[in-house]
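# Chains, contacts and geometry: an overview
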Protein chains: 2
Amino acid sequence: MQPGEFRLIEVLRSALGETDPDLLVGMGDDAAVVRCREPVTICSDTLVAGRHFFADVAATDLAWKALAVNLSDLAAMGAIPRWALLNLSLPAGQNCDWGLWVEDFAAGWRALAKPSGLRLIGGDTVATDGPLTLTVTVLGAQRDAPMRRDAARPGQGVWVSGCIGDAAAALDIAWSARALPARPPAGLSTQAQWALEQRRLRPTPRTALGEAAARCGVACAQDISDGFVADLGHILQASGVGARICVDDLPISVALRPALGEDWEAWQRWPLTGGDDYELILCVPPELEDTLRGIGRETGVPLTRVGEIAPAEVGLELRWRGELRRIDGHGGHQHVF
Amino acid sequence: MQPGEFRLIEVLRSALGETDPDLLVGMGDDAAVVRCREPVTICSDTLVAGRHFFADVAATDLAWKALAVNLSDLAAMGAIPRWALLNLSLPAGQNCDWGLWVEDFAAGWRALAKPSGLRLIGGDTVATDGPLTLTVTVLGAQRDAPMRRDAARPGQGVWVSGCIGDAAAALDIAWSARALPARPPAGLSTQAQWALEQRRLRPTPRTALGEAAARCGVACAQDISDGFVADLGHILQASGVGARICVDDLPISVALRPALGEDWEAWQRWPLTGGDDYELILCVPPELEDTLRGIGRETGVPLTRVGEIAPAEVGLELRWRGELRRIDGHGGHQHVF
């Protein structure tokens, strides 16, 4: 017999519904009630099987990623993760033990939520005749002024955390393995491919970095979910500025580097327009750049200066191998209906 | 050409993204930031086409209902509505102008959100290969102690707001009209049927009642979404108590009354186990019952005393036409996978 909704909620509650002195009412009532001295930062992402993830993904990996993409948004604001809601729409009538599935999901969730200080306080579990769909909503405490997209100013340095392009290259490998149209990176070792896949499945939200950057006064940040060019574009548009970017300086992992070389199309496809990296773009005034370097050392997150904010008339200037380059196509992706 | 995700978000933002002095960062950044002096009450519901609503429902009605079911949860806690997030999963490749659809949706949303003082601050819009699915998350300000499910005590009166059974009877009519298995109520005028259908499509969240009840010290409430017996059952289970209910005293609308009469099966099917009424059950100590009557007059919401909380060993005692009665089947519904 398949488990009912209440049983699944009980699995989630017993695995994830920890107590918290600021949680006045937790799971199991009409709503949860929390107390937060600071302003509350809140965001929500919906992921659909076949659109945002492969339907055969492991429940543990899916839980990690669904949570990570939301924690990444909190990091981009400089907020401290506190609470989450989970809304699951599970396909009915499938030959799947959803009780076991939810237990696995809870384990993957816990692996990221616990070190992040995040507690599950509510949500919903329903049946659907469509693909598995989940919405995760996270709440954070905003101790410092939020970092915003519209606060970039000419003269600020453009910094990127970690490495970019790995997740998009791994997606090409995964598509190719499923005989879907793709352009898998050539000449990578099995070990390198595995490293890229781990980055795709289990991105690391830059929580500590975001919090520290906001604390030291960085005013402008954005996470890289749609791709570097698209997400930097959001900053430029919101702030009414341009940017000069040195593509050669983009942080590229040891795993991905052999696949790029002198191939401009590869540079465009993965580091420049590939999404799902969940690294941060930070726009940093010169007087804070040394402080930011220190934050990178303290948090253990590599930080790379890749260019600077310019007046609006510059647009987005990309320089690669000493020459100005253009992006073919718009860069980044959005859902079209 | 079908509109992209960013266009739809822009439609929602221009229609619903009003400013608010406590909204520090609104729609259009990685996350929203709000300031709330009181504890924050939060809940979230997911609705799936074909499961929670007919796929051909008008966008205006769907928006109203998706919001109402969440506002009803806030009302059950005694919270004041403040902010909302909307996550839409829209079916791709359908012959539907989603731009127009979202405009209609925004109009229906606004009709309930504006008088409720609720502002849209975020969410997500994605494409799906499955049915239209939406998740609404609402945040409220909890000025007074939250009303909880586990605070019922023997001797308290059990009160119900408005009328119950209308939405379930209307659903039977709607199923029957679609040639689906149903038991439509017999002998109702067209006007009565229309009145029931309005109650199904546009339930009224009891926001002012919930807030006033919490303020005057009522400690236990629950909204009726799964059905009176199931939702009262949640209170009894959480509080470890029983109840004696006089079914003859349940508040029945003028529209539904002719369909009930001496038909115990009809009483069970609509007022007792039919869901979707979004009225409140309040458990009220004797010394507050006069105050509650006054709140009913002030808020214009009919309030009816239907029984009282009893020790656990009583269980749930239902008396109808002078005799003890049993519910056939479990009462209430839950999703099974």
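Residues numbered from 1 in each chain as written. Chains lettered and ligands numbered in written order. Predicted model: local features only at pLDDT ≥ 70, side-chain atom pairs only at ≥ 80, totals over all residues. Heavy atoms only, no water.

Chain A carries the name Thiamine-monophosphate kinase in an unreviewed UniProt entry, which gives Acidithiobacillus caldus as its organism. In its Catalytic activity (unreviewed entry) section, the UniProt entry covering chain A states "thiamine phosphate + ATP = thiamine diphosphate + ADP". The UniProt entry for chain A carries this comment under Sequence similarities (unreviewed entry): "Belongs to the thiamine-monophosphate kinase family." (UniProt positions renumbered as here; feature names shortened; annotations may be inferred.)

### Considering the packing of helix H1 (residues 5-16) of chain B against helix H3 (residues 98-116) of chain B
Residue and element names in this part refer to chain B. Interhelical geometry of H1 versus H3 gives an angle of 25 degrees and a closest axis separation of 10 Å. As summarised for this structure, H1 and H3 are arranged roughly parallel, according to the angle between their axes. The way H1 lies across H3 gives a crossing that is right-handed. The residues of H3 that touch H1, namely those facing Arg7, Leu8, Val11, Leu12, Ala15 and Leu16, are Trp98, Gly99, Val102, Glu103, Ala106, Trp109 and Arg110. Tallied by class, residues from the contact of H1 with H3 come to 9 nonpolar, 1 polar and 3 charged. (Axes fitted to C-alpha atoms, helices over the stretch in contact; angles between N-to-C directions. Helix = DSSP H or I, 4+ residues; strand = E, 2+ residues; numbered from the N terminus. Parallel < 35°, antiparallel > 145°, perpendicular 65-115°, else oblique. Left-handed = near helix turned anticlockwise from the far one by under 90°. Contact = heavy atoms within 4.5 Å. Nonpolar A, V, L, I, M, F, W, Y, C, P; charged D, E, K, R; others polar.)

### Some thoughts on the UniProt feature "binding site: Mg(2+) 4" (unreviewed entry) in chain A
Taken from the UniProt record, the annotation "binding site: Mg(2+) 4" (unreviewed entry) applies to Asp30 and Asp73 of chain A. With a sequence span of 44 residues, these residues are also far apart in the fold, their greatest C-alpha distance being 26.9 Å. By the secondary structure assignment, aspartate 30 of chain A is in the loop between strand S1 (23-25) and strand S2 (32-34). Aspartate 30 of chain A has contacts with Cys43, Asp73, Ala76, Met77, Arg149, Ala221, Gln222 and Asp223 of chain B, leaving out every residue within four places of it along the chain. At 3.5 Å, the side chain of aspartate 30 of chain A forms a polar contact with the side chain of arginine 149 of chain B. Inspection of the secondary structure puts aspartate 73 of chain A in helix H2 (residues 59-77). (Polar contact = N/O pair within 3.5 Å; in protein donor to acceptor, adjacent residues only side chain to side chain.)

### Let's talk about the pattern of salt bridges
Under the criterion given, the structure shown has 58 salt bridges over all chains. Taking the shortest distance from any N to any O, the salt bridge between arginine 13 of chain A and glutamate 10 of chain A comes out at 3.0 Å. In this pair, arginine 13 of chain A and glutamate 10 of chain A are both assigned in helix H1 (residues 5-16), 3 residues apart and thus about one turn of the helix distant. One salt bridge in this structure joins aspartate 166 of chain B and arginine 199 of chain B, with 3.1 Å as the shortest N-O distance. Within this pair, whereas aspartate 166 of chain B is found in helix H4 (residues 166-177), its partner arginine 199 of chain B is found in helix H5 (residues 190-201), the two being separated by 33 residues in sequence. (Salt bridge = Lys/Arg side-chain N within 4 Å of Asp/Glu carboxyl O.)

### Some details on the interface of chain B and chain A
In many reports, interface size means the accessible area that the parts give up when they come together. Contacts between the two partners involve 66 residues from chain B and, on the opposite side, 66 residues from chain A. Buried surface at the junction of chain B and chain A, both sides included, amounts to about 5400 Å², of which 57% is carbon and sulfur. The tally of links between chain B and chain A comes to 6 salt bridges. Residues aspartate 30 of chain B and arginine 149 of chain A are paired through a salt bridge, measuring 3.5 Å at the closest nitrogen-oxygen approach. The interface formed by chain B and chain A holds 20 residue pairs in polar contact (both at pLDDT 80 or more) in total. The element that contributes the greatest number of residues to the side of chain B that touches chain A is strand S3 (residues 40-48) of chain B, accounting for 8 residues. Residues belonging to the side of chain B that touches chain A are distributed by class as follows: 31 nonpolar, 22 polar and 13 charged. Alignment of strand S3 (residues 40-48) of chain A against strand S2 (residues 32-34) of chain B, held across 3 bridges, turns out to be antiparallel. (Buried area = accessible area lost by both parts, 1.4 Å probe. Pairing = 2+ DSSP bridges.)

### Concerning the nonpolar core
Of all hydrophobic cores here, the largest spans 43 residues; its most connected members are Trp101, Phe105 and Trp109 of chain A. Secondary-structure elements contributing two or more residues to this core are H1, S3, H2, strand S4 (80-91), helix H3 (98-116) and strand S6 (133-141) of chain A. For this core, the element with the highest residue contribution is H2 of chain A, accounting for 10 residues. Once residues lying within four places of it in the same chain are set aside, the contact partners of tryptophan 101 of chain A are Ala59, Leu62, Leu88, Leu90, Cys96 and Leu132 of chain A. Leu16, Leu86, Trp101 and Trp109 of chain B belong to the second largest nonpolar core, which has 42 residues in total. (Core = buried A, V, L, I, M, F, W, Y, C linked by side-chain atoms within 4.5 Å. Buried < 20%, exposed > 50% of the residue type's maximum accessible area, 1.4 Å probe, protein only.)

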